[in-house]
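Per-entry structural report
Take a look at the letters that make up each chain.
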Amino acid sequence: MGTNSFTDAYDNELRRFVERLLRFESTSGCEKQAQEWFEGQLEALGFETYRWEADAEQLASLSSFPSADEIDAVDRPSVAGVLEFGDPEAGPTLVLNGHVDVVPADDASWETDPFEPYWDGEKLHARGAADMKTNLALLVFVAKHLHDESADEIDGRVVVESVTGEEEGGIGAPAAALSNPYPFDRDAAIITEPTDLRVVTATAGVLMKELTISGRSAHAATRWRGESVLPHFNRIHRAFEELERERHERITHPLYDYPVNWPMNVGVVDAGHWASNVPARLTAQVRIGFAPSETLEAAEAEYEDRLQSVVEDSEWLTEHPPTFEQGAIHFEPTELEEDTPIVQRLQSAMLAHGMEETQPIGKTYSADSRFYITEGIPTVIFGPGTIDQAHFPNEFIRWSDVQQAGDVLFDTCRMYLQDPGTLPERSE
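Conventions adopted
Residues numbered from 1 in each chain as written. Predicted model: local features only at pLDDT ≥ 70, side-chain atom pairs only at ≥ 80, totals over all residues. Heavy atoms only, no water. Helix = DSSP H or I, 4+ residues; strand = E, 2+ residues; numbered from the N terminus. Expected span 1.5 Å × (residues − 1). Buried < 20%, exposed > 50% of the residue type's maximum accessible area, 1.4 Å probe, protein only. Contact = heavy atoms within 4.5 Å. Pairing = 2+ DSSP bridges. Axes fitted to C-alpha atoms, helices over the stretch in contact; angles between N-to-C directions. Salt bridge = Lys/Arg side-chain N within 4 Å of Asp/Glu carboxyl O. Phe/Tyr/Trp six-rings, centres within 6.5 Å; stacked < 30°, edge-to-face > 60°. 1 Å grid on protein atoms, 1.4 Å probe; cavity = no way out; pocket = protein on both sides within 12 Å on 5 of 7 lines; lining within 4 Å. Points joined across faces, edges and corners; volume = space filled by probe spheres on them. Nonpolar A, V, L, I, M, F, W, Y, C, P; charged D, E, K, R; others polar. Patch = residues over 30% accessible without salt bridge, like charges linked within 9 Å, V, L, I, M, F, W, Y side chains within 5 Å. Areas by Shrake-Rupley, 256 points an atom, 1.4 Å probe, with all protein chains shown as cover. Lys, Arg positive; Asp, Glu negative; His and termini not counted. Charge placed at Lys NZ, Arg CZ, Asp CG, Glu CD. Core = buried A, V, L, I, M, F, W, Y, C linked by side-chain atoms within 4.5 Å.

Attention now moves to helix 9 (residues 341–352). The end-to-end C-alpha separation of helix 9 is 16 Å, in line with the 16 Å expected for twelve residues at 1.5 Å each. All buried positions along helix 9 are accounted for by Ile342, Val343, Arg345, Leu346, Gln347, Ala349 and Met350. In this fold, the buried residues of helix 9 make contact with strand 3 (93–99), strand 7 (188–191), strand 8 (200–203), strand 15 (379–381) and helix 11 (399–418). Positioned one or two residues after helix 9, glycine 354 has a phi angle of 75°, which is positive.

Mapped onto the elements of the fold, glutamine 308 is located in helix 7 (residues 296–312). As a C-alpha pair, glutamine 308 and glycine 289 span 19 residues in sequence and 19 Å in three-dimensional space.

Reading across the sheet, the four strands line up as 10-11-9-12 and stay open at both edges, with antiparallel pairing between neighbours. Pairing within the sheet leaves two strands with one partner each, and these edge strands are strand 10 (264–271) and strand 12 (323–326). Shown here is a sheet whose adjacent strand axes are inclined to one another by a mean of 20°, direction ignored. Of the pairings in the sheet, the one linking strand 9 (residues 205–214) to strand 11 (residues 281–290) comprises ten bridges and is antiparallel in character.

Before going further, it helps to spend a moment on the pattern of salt bridges. Opposite charge on two side chains permits them to pair, given that their charged atoms come into close proximity. Under the defined criterion, the tally for this structure stands at 23 salt bridges. Note that glutamate 116 and arginine 23 form a salt bridge whose closest N and O atoms lie 3.1 Å from each other. With a gap of 93 residues between them, glutamate 116 in the loop between strand 3 and strand 4 (118–120) and arginine 23 in the loop between helix 1 (6–22) and helix 2 (32–44) connect regions that are remote in the sequence. In this structure, arginine 247 engages glutamate 294 in a salt bridge whose closest nitrogen and oxygen atoms are separated by 2.8 Å. Of the two residues, arginine 247 sits in helix 6 (residues 229–250) while glutamate 294 sits in the loop between strand 11 and helix 7, which places them 47 residues apart along the sequence. Each member of the pair, arginine 247 as well as glutamate 294, is classed as buried. A single salt-bridge network, built from bridges that share partners, covers Glu31, Asp72, Arg76 and Glu168.

A separate point is the packing of aromatic side chains. The description of an aromatic ring pair uses the distance of the two centres, along with the angle that the planes make with each other. This model, assessed by the stated rule, comprises 15 aromatic pairs. Centre to centre, the rings of phenylalanine 17 and tryptophan 37 are 4.8 Å apart; their planes meet at 55°, and the pair counts as tilted. Here phenylalanine 17 is found in helix 1, whereas its partner tryptophan 37 is found in helix 2, with 20 residues between them in sequence. Neither residue differs from the other here; phenylalanine 17 and tryptophan 37 are each classed as buried.

Attention shifts here to the layout of surface pockets. Taken as a whole, the largest pocket spans an internal volume of roughly 610 Å³. Glu167, Arg287, Tyr365, Ser366 and His391 are the residues nearest the centre of the largest pocket, which is lined by 17 residues in total. Considered class by class, the residues forming the lining of the largest pocket number nine nonpolar, three polar and five charged.

Now for the sheet that holds strand 5 (residues 123–125). Within the open sheet, the three strands sit side by side as 4-5-16. Their pairing is antiparallel. Every interior strand has two partners, whereas the edge strands, strand 4 and strand 16 (396–398), have only one. Neighbour to neighbour, the strand axes of the sheet diverge by 25° on average, direction disregarded. In this sheet, strand 5 lies alongside strand 4 in antiparallel orientation, the contact comprising three bridges. Bridging from a neighbouring strand, aspartate 120 pairs with lysine 123 of strand 5. This element, helix 11, spans strand 4, strand 5 and strand 16 of the sheet and lies at about 60° to strand 16.

So, on to unusual backbone geometry. Going from aspartate 131 to methionine 132, the amide bond is cis rather than trans, its omega being -15°. Although it is not a glycine, histidine 391 adopts a positive phi angle of roughly 65°. Among the secondary structure elements, histidine 391 is positioned in the loop between strand 15 and strand 16. Not every positive phi belongs to a glycine, and asparagine 394 is a case in point at roughly 60°.

In this section: a negative patch on the surface. Together, Glu25, Asp106, Asp107 and Asp113 make up a region of like negative charge exposed at the surface. Mapped onto the fold, aspartate 113 is located in the loop between strand 3 and strand 4.

Here the focus is the pairing of strand 7. Alternating positions in strand 7 separate into two faces, Ala188 and Ile190 on one and Ala189 and Ile191 on the other, with burial throughout. Strand direction decides the pairing type here: strand 3 and strand 7, joined by four bridges, are parallel. Along strand 7, the bridge assignment pairs leucine 94 with alanine 188.

Our focus in this paragraph is the side chain of arginine 370. Summarising the element assignment, arginine 370 is placed in helix 10 (residues 369–374). Buried charged residue arginine 370 carries no salt bridge. Nearest counter-charge: aspartate 368, at 4.5 Å. In this structure arginine 370 touches Gly169, His330, Phe331, Glu332 and Thr334, once residues within four positions along its chain are discounted.

So, about the nonpolar core. Membership of the largest hydrophobic core comes to 59 residues, with the highest contact counts inside it found for Leu14, Leu21, Phe38, Val140, Ile342 and Phe382. When residues in this core are grouped by element, the largest group, ten residues, is from helix 11. The residues touching leucine 21, leaving out its near neighbours within four places in the chain, are Trp37, Phe38, Val100, Lys133, Leu136 and Ala137. One finds Leu59, Val82, Ile171 and Ala173 within the second-largest nonpolar core, a separate group that totals 33 residues.

Have a look at this one:
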């Protein structure tokens, strides 16, 4: 273990770093300024830095991505800093990954400016406080402290990555997974999404679909001459909710125990143009979750079949069938074996710090981990903060959780560099 705790060494500096990073309004497509600042900070702290941009054509080769002309990859750099230990070629390379992009904030629903961080006791509030700029900043100082303590005692490398576009499905992470931006191999990774300080080894799949229903317009004064889309949508929505309940009972997984394991959500509904007209067209954006043990095709078929059963019970829908098309992107599920060395080192570090809940769990969201795992890089998710605060007004993270995560991650990195288990053969 280190001679002093991570908190003792870098807490004040981390606070200042986080506060500055949170002030960047780095929503999707607007990450560049934050990334340039982040890269400069890495250089000032002694990291060797790397920068890369995604190739839209390459991303489009992935089945989960849309065509290249629908992918916004221009001028969205991802950056990384590398610290080397002892003989770096004699030890493993561990990637610590976080995303700099945040979802937009509705100022009217916040009590304060979402991009001006403020403290309420130990709670740090700002857009990105929990998801996940605080966690990204934490990685910088975990790596720096480990290097201060152990640069000559162990071998290997630690890489801190700040990637773009995670909230929209991934830009920087899939680019890094597909085309290694470094002149060395990567052996394992930790992504610090907010996990309530739990070990996450599985993430759900997510399918985006757009439902379109056609009716017939009429003046509201004689609405019986029209065919409103709303009753048809309500029947379809109820049918989807019933299928969601059935799937929760039927599709089980040892890492999932939520009120709804594979949630379906209608996030956007657009219908009608004027109160005096019968609404004749409706579009709805539907998010469908599915299990790590499922294929996207199987989950999609279940919802399409349930939609068809509603159509067959309606004379109007039979004659005017709705469409149900895949959205621009979907998210594949992933799962990592519990006996993977990076998982075991994380669990050991947690136990060393008195944390008893070390058993892996699955999450109903998706994350960039799927890209690294697919490319053969074992990747576990662990971080302070809760997903309940992500994308939420007055988003916050508890600083005591950040401090605890820093100590756990410090020891995880040290343990892994000392004993990474059996590594794959290095490419020549």
